[in-house]
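So the chains spell out like this:
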Amino acid sequence: MFTTTASAPSLRTPSASRRVRPASTAPSIDWIDVLGLVAPEMALVEALQRVAAVRDAPAGALVLSREQPAIKLVLVASGQMALGRSTPAGTFRPSRSVSGPAWLDATSAWLHGSYLNDAVTVTAARVAELPRVALEMLMPRHPALAPALLRAQAEAMNPLIELVHDLAHKDAEGRFAAWLLRRLPAPGDGAGSALHERKRDIAAQLAITPETLSRLCAQLVRKGVIEMRGYRLRLLDVPRLASLGNAEAG
């Protein structure tokens, strides 16, 4: 019943050959949008463009490792990532996913330790890395930078807070409904949206089994809340899904 795209990578710990490689060019990032700058400060944008290392990564590439020292803030400019933990057996256990443009890790570099998660690309992605030291040097000359980075860190925390709340207070259907609301576009796109992650990886994010996830999909289809055709899924009844996603277990 529940299928994902044939191109979805097997989330095993990638080899060095699958790691992020430099892009052939260094395309600009929309820093005004990424940082939520109220005024287009072109001097700041140009400075960020100079210090940012922009990389292209194929599906299945290792972008972050908990074994690496966290010295850079990492942004997903485009594509989809899975954050989680690699196991000694070589498999990758995802806990959540991030779709660009969004910060992959805007916090670890400030703690002078290692990255808190491993991260693997689910689809081909473009990644921008910003050295913490370079950002610290830019802050005195560009006062808008520090508040923008604080906002980025606050925004990165919100999904984590929601995830913890959902795991503690919602049943499996409620968690899946909330996950779908965050992931899929509203009705109007007749083609729906392809889910690139494998069933077991989505189930791991929701703390349920793959069998339970399949049952939940069939249940939502019967209720007329979603439509599934192959690996494409479309929302049909957003208010009903929102009601399920907001309901807390008794």
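Treat the numbers as computed from the prediction; the structure is a model and nothing was measured.

Thresholds applied
- Residues numbered from 1 in each chain as written.
- Predicted model: local features only at pLDDT ≥ 70, side-chain atom pairs only at ≥ 80, totals over all residues.
- Heavy atoms only, no water.
- Salt bridge = Lys/Arg side-chain N within 4 Å of Asp/Glu carboxyl O.
- Buried < 20%, exposed > 50% of the residue type's maximum accessible area, 1.4 Å probe, protein only.
- pLDDT = per-residue confidence, 0-100.
- Helix = DSSP H or I, 4+ residues; strand = E, 2+ residues; numbered from the N terminus.
- Contact = heavy atoms within 4.5 Å.
- Pairing = 2+ DSSP bridges.

Participant: Explain the pattern of salt bridges to me, and be specific about the residues and the numbers.
Facilitator: Tallied over the entire structure, the rule returns six salt bridges. A salt bridge links arginine 234 to glutamate 227, with the shortest nitrogen-to-oxygen separation between them at 2.9 Å. Exposure remark for arginine 234: the relative accessible area of 22% places this residue in the partly exposed category. Overall, the relative accessible area of 22% leaves glutamate 227 in the partly exposed class.

Participant: Quick one: what's the story with the confidence of the model for the protein, residue by residue and with numbers?
Facilitator: When pLDDT is averaged along the protein, the result is 81, and 83% of the positions lie at 70 or above. Mean pLDDT per element in the protein: strand S1 (residues 21–22) is the minimum at 49, and helix H3 (residues 132–138) is the maximum at 96. Contacts for the low-pLDDT stretch residues 22–26, under 50 throughout, to residues beyond four places or in other chains number six contacts.

Participant: Explain the pairing of strand S11 (residues 226–229) residue by residue, including any values.
Facilitator: Side-chain alternation along S11 places Ile226 and Met228 on a buried face and Glu227 and Arg229 on a face that remains uncovered. Here four bridges tie S11 to strand S12 (residues 232–235), and the two strands are oriented antiparallel to one another. Each residue of the ladder has a partner; that of glutamate 227, found in S12, is arginine 234.

Participant: Summarise unusual backbone geometry; cite the residues concerned and give the values.
Facilitator: Proline 101 follows glycine 100 through a cis peptide bond whose omega is 5 degrees. Residue placement: proline 101 occurs in the loop between strand S6 (92–99) and strand S7 (102–105). In this model, histidine 112 sits at a positive phi of 55 degrees, which is unusual for a non-glycine residue. You can see histidine 112 is positioned in the loop between S7 and strand S8 (118–121). Histidine 112 sits in the exposed class, given a relative accessible area of 59%. Unusually for a residue other than glycine, alanine 207 sits at a positive phi of about 60 degrees. Within the secondary structure layout, alanine 207 lies in the loop between helix H6 (199–206) and helix H7 (210–222). Take alanine 207: its relative accessible area is 54%, and that puts it in the exposed class.

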